[in-house]
Amino acid sequence: MSNRVDPGVSTVQNSGLATPATDEFLAELTSALPARIRHRIAAFDHVDSTNRIAREFAQIPSGETNIVLADLQSAGRGRLGRGWYSERGQSLAASFIVRLRGGLGSGGMLPVAAAVATAEAVESAIHPASVGIKWPNDLIAGGGKVSGILIEAVGAGVFVVGIGINVGRMLFPDDIAARAVSVSAVAGRDVSRMRVLASLIRHVDARCADLSTGDGRKALLDAYRSRLVNVGREVALKRTADSTVIRGRMLGIQDDGALLLETDAGRETFYAGDLTSDTHT
Ligand code: BTN
């Protein structure tokens, strides 16, 4: 499926909308990433969605490729059937293939691990500013959404974790301009996309490893809760299953990552949906 163009960074051809990475993009990647992880990466110039391509790689049981990257993504997928806007050279679009073992096969805590890892990577670039997590895994910084995460189940215990980060100074389309923000704008300087990527890979590896121990899962929940926005506020949750809107006061998350709301019916838990409040869109 892949043809090597560099020791460790591969491209895929004849796979839907996916054009091979340019030499320039490959050079950027190889200079930013340690040699020991390059064999895990499939890099493209232009794709429709890195998640779609990662799903193809995930079908190869013993495949070494577990990170799919693109310089430009033209039909990025967002949560709840929405799209995701990317800009060439400015956006980071990365999809990680994650294989969970044993009792973790359902992936319930994976959104927590992915959100914490991405928050840590973004924070390494915007320090001393910090990142807030809007349940389940939107990342908020400088008053706007700086990153989104789409997790898709591929098979038993196999998931694609797609992470989009607005890194460079981007020109967002009108319909999202008021809500979206970039890492560079929050940092107040141009941030390197490759530096954020290198940090992201380190943090995703570490936080996914945390999923397999009790202490690791506790550390993940602490790291997630310390960044969780809207706790104590009145929120509205649009449920994924039937689009009904539930209003209530946000209490936090349970230890399995579910959202806890105090509603007119009492204390209720939710596993999926779109959360809004007056302060964080
Ligand atoms: C959201 O906030 O709605 C989730 C956005 C997820 C976007 C990323 S970009 C990399 C990966 N490939 C996709 O098609 N989507 C995810």
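These remarks concern the structure in this document. (Residues numbered from 1 in each chain as written. Predicted model: local features only at pLDDT ≥ 70, side-chain atom pairs only at ≥ 80, totals over all residues. Heavy atoms only, no water.)

Focus on the side chain of Thr 118
Right, on to step 1. Within the secondary structure, Thr 118 is located in helix 4 (residues 110-126).
Right, on to step 2. Under the relative-accessibility criterion, Thr 118 is labelled buried at 0%.
Right, on to step 3. One polar contact links the side chain of Thr 118 to the main-chain carbonyl oxygen of Ala 114, over a distance of 2.8 Å.
Right, on to step 4. Excluding its chain neighbours within four sequence positions, the residues that come into contact with Thr 118 are Leu 139, Ser 147, Ile 149, Ile 163, Ile 165 and Leu 200. (Helix = DSSP H or I, 4+ residues; strand = E, 2+ residues; numbered from the N terminus. Buried < 20%, exposed > 50% of the residue type's maximum accessible area, 1.4 Å probe, protein only. Polar contact = N/O pair within 3.5 Å; in protein donor to acceptor, adjacent residues only side chain to side chain. Contact = heavy atoms within 4.5 Å.)

Side note on the nonpolar core
Right, on to step 1. Core analysis: the largest hydrophobic core is formed by 66 residues, its most contacted members being Leu 29, Phe 96, Ile 165, Leu 200 and Tyr 224.
Right, on to step 2. Per-element tally for this core: the top contributor is helix 4, with twelve residues.
Right, on to step 3. Excluding anything up to four places from it in sequence, Phe 96 contacts Asn 66, Ile 67, Phe 159, Val 160, Val 161, Ile 163, Leu 200, Ile 201 and Val 204.
Right, on to step 4. Core analysis: the next-biggest nonpolar cluster, separate from the first, contains 13 residues, Ala 18, Ala 42, Ala 58 and Val 158 among them. (Core = buried A, V, L, I, M, F, W, Y, C linked by side-chain atoms within 4.5 Å.)

As for the pairing of strand 14 (residues 245-253)
Right, on to step 1. The pairing of strand 13 (residues 234-238) with strand 14 spans five bridges and is classified as antiparallel. The partner of Ala 236 across the bridge, within strand 14, is Arg 247.
Right, on to step 2. Here strand 13 hands over to strand 14 after six residues, with Ser 243 in that stretch at a positive phi of 65°.
Right, on to step 3. In terms of strand pairing, strand 14 meets strand 15 (residues 259-263) through four bridges, oriented antiparallel. Residue pairing in the sheet places Met 250 in a bridge with Leu 261 of strand 15.
Right, on to step 4. Two successive antiparallel strands, strand 14 and strand 15, enclose a turn made up of five residues, where Gly 257 displays a positive phi of approximately 90°. (Pairing = 2+ DSSP bridges.)

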